[in-house]
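Coordinates in review
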Amino acid sequence: MAPKTPGLNPFRQFEAFVDFLHNIAIAGAGMAGLAAARALQQTGRNVQIFDKGRRPGGRMSSRCNAHGLFDLGAQYFTVRDPDFARVVADFEQRGIVAQWPQAVAHGENGQWQVRHPEHPRYSGRPSMAALTDAMAEPLTLHQNVRVTSLTREPSGWVLKDQNGHSWGGFDHVIVALPAPQAAELLGNDAASRWALPGMSSCWSTWIHLDAPLSMPAGIDTWHGALLDDSPVLRWAARQQTHPGQQDGERVTLLAHDDWSDRHLEKAPAQVADEMVSAFRNCYPRALPDIRAQGAHRWRYAQPRRPIDDPAGYLIDRSQGLSLCGDWCIDGRVEAAWQSGTRLARALCHP
Ligand SMILES: Cc1cc2nc3c(=O)[nH]c(=O)nc-3n(C[C@H](O)[C@H](O)[C@H](O)COP(=O)(O)OP(=O)(O)OC[C@H]3O[C@@H](n4cnc5c(N)ncnc54)[C@H](O)[C@@H]3O)c2cc1C
């Protein structure tokens, strides 16, 4: 007898019975975990997703404080994969994502010019979190749940969380965490089976300015800026230029990977001071007064070298265990989506 699963049509019940892959747990609700969860749920699987954060999104999450809304992680995403393009077009139609940035300044050898990206780039509207919030909407998401152990028992996989609570009865577990956190969760077992890559860090600083930034000669405005002249900073973005954002000059600064790695354990207030002073040094106009500033550290921001496997995920079918994430392909939002989606397809069509 096929097990009875409320809410599934008889064909799906039969399908779930024959492939023995019905209850799936996913650790990590970043883009990779969400993409896998959505693709699996669409085939009638029962998916539960667990994340230690208060909201889904991982490195795409946005910070909202008394000074407004800031994207401190991923700034925008590219769309090259035709399947991803279809998903993004649907979200764009629903007003959840929009093209941004349309004007990117380049500051090099003291010269500034603005370029308009050849291929459209997108961000959530009004911030990145809009996309991952929308992706999580139809899913069963357990927030504030840090998975601390995974055990395979005769009845299936059991996940334990930071409060000692057990979540059991899963046929398959997907680990969709940054590689070093996946390695920590899986322990020696993973380390011996799979060579998971290290990841570099990134410090982000947000600034709320008292007045609009003045523009360098020949530039009307910019949304994002590549700061090639700075030994500290690689990117700046004006948050109020995102579609749907409120007014007020608010800037996010991202530091270079190597600078971030060297300053990893510094106090956030000191890091914010140093990044703002680096911005003063490379921006060609005096900065208006700063109302408030703060820094956020991403300990695991970018894979140093993604794994060398064309599949774009890792899987052990005999154990019912698999891994996905940007580090399987490339340190980008689109790559995280591809990794989660490809894994889900492989699980459904072995
Ligand atoms: C500063 C910065 C700027 C970036 N800029 C860009 C950009 O402009 N364009 C671009 O395409 N990409 C950019 N990226 C990269 C992009 O953000 C990532 O490639 C993508 O978001 C990765 O998604 P993921 O699902 O693989 O991982 P993550 O987003 O890291 O998701 C992993 C999730 O796992 C959760 N988690 C961790 N441990 C546990 C645990 N034990 N139990 C439960 N949950 C856990 C985390 O809370 C997180 O939600 C940037 C990243 C950073 C940090």
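Conventions adopted
- Numbering of residues begins from 1 in every chain and follows the order in which that chain's sequence is written.
- Whole-chain, interface and lining totals are the exception, using all residues; otherwise, since this is a predicted model, local features are given only for residues with pLDDT of at least 70 and side-chain atom pairs are given and counted only at 80 or more.
- Hydrogens are left out, water is left out, and the side-chain values use all remaining heavy atoms of the structure.
- Definition used in this section: a nonpolar core is a set of buried Ala, Val, Leu, Ile, Met, Phe, Trp, Tyr and Cys residues joined via side-chain atoms within 4.5 Å.
- Working definition: with a 1.4 Å probe on protein chains only, accessible area under 20% of the residue-type maximum means buried, over 50% means exposed, and in between means partly exposed.
- Each helix is a run of H or I in the DSSP string that is no shorter than four residues. Each strand is a run of E no shorter than two, and both are numbered from the N terminus.
- For the domain bounds, the source is a domain assignment made automatically or taken from a database.
- Defined in terms of a 1.4 Å probe, buried area is the accessible area two parts forfeit on being brought together, summed over both.
- In these notes, residues near a molecule or strand are those with any non-hydrogen atom within 4 Å of it.
- Polar contact is defined as a pair of N or O atoms within 3.5 Å, subject to the rule that within protein one atom must be able to donate a hydrogen and the other to accept it, and that residues adjacent in sequence are counted only when both atoms are side-chain atoms.
- Surface accessibility follows the Shrake-Rupley procedure with a 1.4 Å probe radius. Residue values consider only the protein chains on display as shielding.
- Residue polarity is assigned by list, with Asp, Glu, Lys and Arg as charged and Ala, Val, Leu, Ile, Met, Phe, Trp, Tyr, Cys and Pro as nonpolar; anything else, Gly included, falls into the polar class.
- Whenever Lys or Arg places a side-chain nitrogen within 4 Å of a carboxyl oxygen from Asp or Glu, that contact is recorded as a salt bridge.

**Considerations on the nonpolar core**
- In terms of nonpolar packing, the biggest core is built from 41 residues, with Ile26, Phe77, Leu131 and Ile174 touching the most fellow members.
- Mapped onto this core, the elements with two or more residues apiece are strand 1 (23-27), helix 2 (31-42), strand 2 (46-50), helix 3 (82-93), helix 4 (129-136) and helix 9 (333-348).
- When residues of this core are assigned to their parent elements, the largest contribution, 8 residues, is made by helix 9.
- Two domains each donate at least three residues to this core, and these are domain 1 (1-52 + 145-196 + 308-350) and domain 2 (61-128 + 199-304).

**Observations regarding the domain arrangement of the chain**
- Taken as a whole, the chain is organised into domain 1 (1-52 + 145-196 + 308-350) and domain 2 (61-128 + 199-304).
- Measuring from the centre of the C-alpha atoms in domain 1 to the corresponding centre in domain 2 gives 32 Å.
- Between domain 1 and domain 2, a total of about 1200 Å² is buried, with carbon and sulfur atoms accounting for 64% of that surface.
- Interface area lost by domain 1 to domain 2 is led by Val333, Glu334 and Trp337, which between them contribute 43%.

**Some details on the site of the ligand**
- Around the ligand, a shell composed of 35 residues is seen, among which Asp51, Arg59, Tyr76, Asp326 and Val333 lie nearest.
- At a separation of 3.3 Å, an oxygen atom of the ligand approaches a polar backbone atom of Gly58.
- Within the contact set of the ligand, a nitrogen atom lies 2.9 Å away from a backbone nitrogen or oxygen of Val147.
- Burial of the ligand by the protein chains amounts to 93% of its free accessible area of 1000 Å².
- Secondary-structure elements contributing two or more residues to the shell around the ligand are helix 2, strand 19 (290-303) and helix 9.
- When residues in the shell around the ligand are grouped by element, the largest group, 3 residues, is from strand 19.
- Of the residues belonging to the shell around the ligand, the class tally is 19 nonpolar, 10 polar and 6 charged.
- If you count residues domain by domain, the shell around the ligand takes at least three from each of domain 1 (1-52 + 145-196 + 308-350) and domain 2 (61-128 + 199-304).

**Points about the pattern of salt bridges**
- Evaluation of the coordinates by the stated rule reveals 14 salt bridges.
- For Arg291, the salt bridge goes to Asp210, with nearest N and O atoms at 2.7 Å. Taken as a pair, Arg291 in strand 19 and Asp210 in the loop between strand 15 (199-209) and strand 16 (224-227) lie far apart in primary sequence, 81 residues in all.
- The residue Glu249 makes a salt bridge to Arg238 at a minimum N-O spacing of 2.8 Å. One end of the pair, Glu249, is in the loop between strand 17 (233-238) and strand 18 (250-255); the other, Arg238, is in strand 17, with 11 residues separating them in the sequence. Just as Glu249 is buried, Arg238 falls in that class too.
- Several salt bridges share partner residues, and in doing so they unite Asp83, Arg86 and Arg345 into one network.

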